[in-house]
Amino acid sequence: MYGVLLVAVQPALIVSTRSSLCTSAWLAARFRRSDEQDIIVFDVTQKLDRNSNSASPDVEAFEAGRIPGARFLDVGSRLSRPELRNARGDLLHNMLPDAEQFASEMAAAGVKDGSHVVLYSSGHVMWATRVWWLLHSFGFQGHVSVLDGGLDAWTAAGCPVERGAPASPPVAMPSFPGAAGLAVRQCRTGAMVDKYAVLEAIQSPRATVIDSLKPATFSGAEPSRYGRRGHITSAVNIPYPSVVDSRSGCFFPSTRIREAFKAASVALDGDGLLLAY
């Protein structure tokens, strides 16, 4: 099976008042306001080993330059379930953590119900969007935003950066999940799916499987680090460069993104199920 994360969403639920992209100008303005104490900024930059498809924390990038006051999250190790293997005994990477693990790690980083979490990376946006989706999947009750364009957009806007190791850890580990004001909630049904759900979706006229990889990977023209060449049967291709500008790292306007989905015959206003990887 492909070593990628599969998520499911009903198109009608895509827009949420608790979620948004935020700009560097918006975030910088909030830093200047004394009543915005609940905003917590996380650098989630990871290094991806393209041979093993495993992630490791890019602490070097974090110390080379970060948004002032930002905290670091280790997505690959601390926010993924370790040591899972498939039937052949192959190690599976970047798997969904259990509810207790996720709540403990986020509480240890200072997050509580009611916080406004802002996520960014100094490289590919996928690390920020992964944590964004995890927070939604586990029913986070606060607000969560992804900084559009990440650290590059922040520095391009002339905003300040910090360098070097943080002076001290920002928070202490709570004694148990929920101790720091973040409740343990189970992952929403259907937020993440397994291969059996995918096999069912392949046969369902109400479900669409979306492959977000580049066209050459989708077609099988180029080798894939995920295993076999090609794509999941019945999947349509909406490559991520049609959603995110590769030059700026910013998301395209919603009208252009909708056009990309329309070109792939994917309806965003219906009641069908979308499974993306």
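Above: the structure in question.
As a starting point, this report considers the structure included with it. Treat the numbers as computed from the prediction; the structure is a model and nothing was measured.

Quick notes on the rules
Starting from 1, residues in each chain are numbered consecutively following that chain's sequence as written. Owing to the predicted nature of the model, reporting of local features is limited to residues with pLDDT of at least 70; listing and counting of side-chain atom pairs is limited to 80 or more, with chain, interface and lining totals taken over all residues. Side-chain numbers here rest on the full set of heavy atoms in the structure, without hydrogens or water. Numbering of helices and strands runs from the N terminus, with a helix taken as a DSSP run of H or I at least four residues long and a strand as a DSSP run of E at least two residues long. Relative accessibility thresholds used throughout: buried, under 20% of the residue-type maximum; exposed, over 50%; partly exposed, between the two (1.4 Å probe, protein chains only). Whether two residues touch is decided by their heavy atoms; if any such pair falls within 4.5 Å, the residues are in contact. For the area figures, the Shrake-Rupley method with a 1.4 Å probe applies, and any residue is considered shielded solely by the protein chains shown. Between Lys or Arg on one side and Asp or Glu on the other, a salt bridge is scored when a side-chain nitrogen of the former is within 4 Å of a carboxyl oxygen of the latter. Distance and chemistry together define a polar contact, namely a pair of N or O atoms within 3.5 Å, with one atom able to donate a hydrogen and the other to accept it when in protein, and with adjacent residues in sequence counting only for side-chain atoms on both sides. By convention a nonpolar core is built from buried Ala, Val, Leu, Ile, Met, Phe, Trp, Tyr and Cys residues, the set being connected through side-chain atoms within 4.5 Å. Arc, as used here, means the arc of the directions from the helix axis to the C-beta atoms.

### With respect to the overall build of the chain
Here is step 1 of the chain: Within the chain, the regular secondary structure consists of nine helices and 13 strands.
Here is step 2 of the chain: By residue count, 42% of the 277 residues in the chain fall in the buried class.
Here is step 3 of the chain: In the chain, the proportion of contacts linking residues at least 24 apart, taken out of those at least 6 apart, comes to 76%.
Here is step 4 of the chain: Here the chain has roughly 14600 Å² of accessible surface; of this, 53% comes from carbon and sulfur atoms.

### Looking at the pattern of salt bridges
Here is step 1 of the chain: Counting across every chain of the model gives eight salt bridges.
Here is step 2 of the chain: With a shortest N-O distance of 3.0 Å, Arg185 and Asp113 are connected by a salt bridge. Residue Arg185 is located in the loop between α6 (150-156) and α7 (195-203), and its partner Asp113 is located in the loop between α4 (99-108) and β9 (116-120); the two are separated by 72 residues in the primary sequence.
Here is step 3 of the chain: The exposure class of Asp113 is partly exposed, given its relative accessible area of 27%.

### Description of the environment of Arg185
Here is step 1 of the chain: Look at Arg185 and you get partly exposed, because its relative accessible area is 24%.
Here is step 2 of the chain: The spacing of Arg185 and Phe102 is 83 residues in sequence and 9.3 Å in space, taken between C-alpha atoms.
Here is step 3 of the chain: Once residues lying within four places of it in the same chain are set aside, the contact partners of Arg185 are Ala99, Asp113, Phe138, Gly139 and Gln141.
Here is step 4 of the chain: Polar contacts involving the side chain of Arg185 include one to the side chain of Asp113, which spans 3.0 Å.

### Let's talk about the nonpolar core
Here is step 1 of the chain: One finds Phe42, Val44, Met106, Leu119 and Leu135 to be the most contacted residues of the largest nonpolar core, which totals 41 residues.
Here is step 2 of the chain: Sorting the residues of this core by element identifies β3 (39-43), α4, β9, α5 (126-137), β10 (143-147) and α9 (254-263) as the ones contributing at least two each.
Here is step 3 of the chain: Examining the composition of this core, we find that six residues originate from one element, α5, more than from any other.
Here is step 4 of the chain: Those residues in contact with Leu135 that lie beyond four places of it in its chain are Phe102, Met106, Val117, Leu119, Phe140 and Val144.
Here is step 5 of the chain: Counting residues in each nonpolar core, the second largest holds 13 residues, with Ile67, Tyr120, Leu151 and Cys159 among its members.

### Looking at α9
Here is step 1 of the chain: What α9 keeps buried is the set Ile257, Ala260 and Phe261. All buried residues of α9 project into a common sector of 95° when viewed along the axis, lining one side. Across α9 from its buried face, at more than 90 degrees, point the exposed residues Thr255, Glu259, Lys262 and Ala263.
Here is step 2 of the chain: Residue Ser265 follows α9 closely and has a positive phi angle near 60°.

### Focus: the environment of Pro97
Here is step 1 of the chain: Here Pro97 lies in the loop between β8 (91-92) and α4.
Here is step 2 of the chain: Classification of Pro97 as buried rests on a relative accessible area of 2%.
Here is step 3 of the chain: Sequence separation between Pro97 and Pro82 is 15 residues, and the spatial gap between their C-alpha atoms is 8.1 Å.
Here is step 4 of the chain: Apart from the residues within four sequence positions on either side, Pro97 is in contact with Leu79, Ser80, Arg81, Phe102, Leu134 and Phe138.

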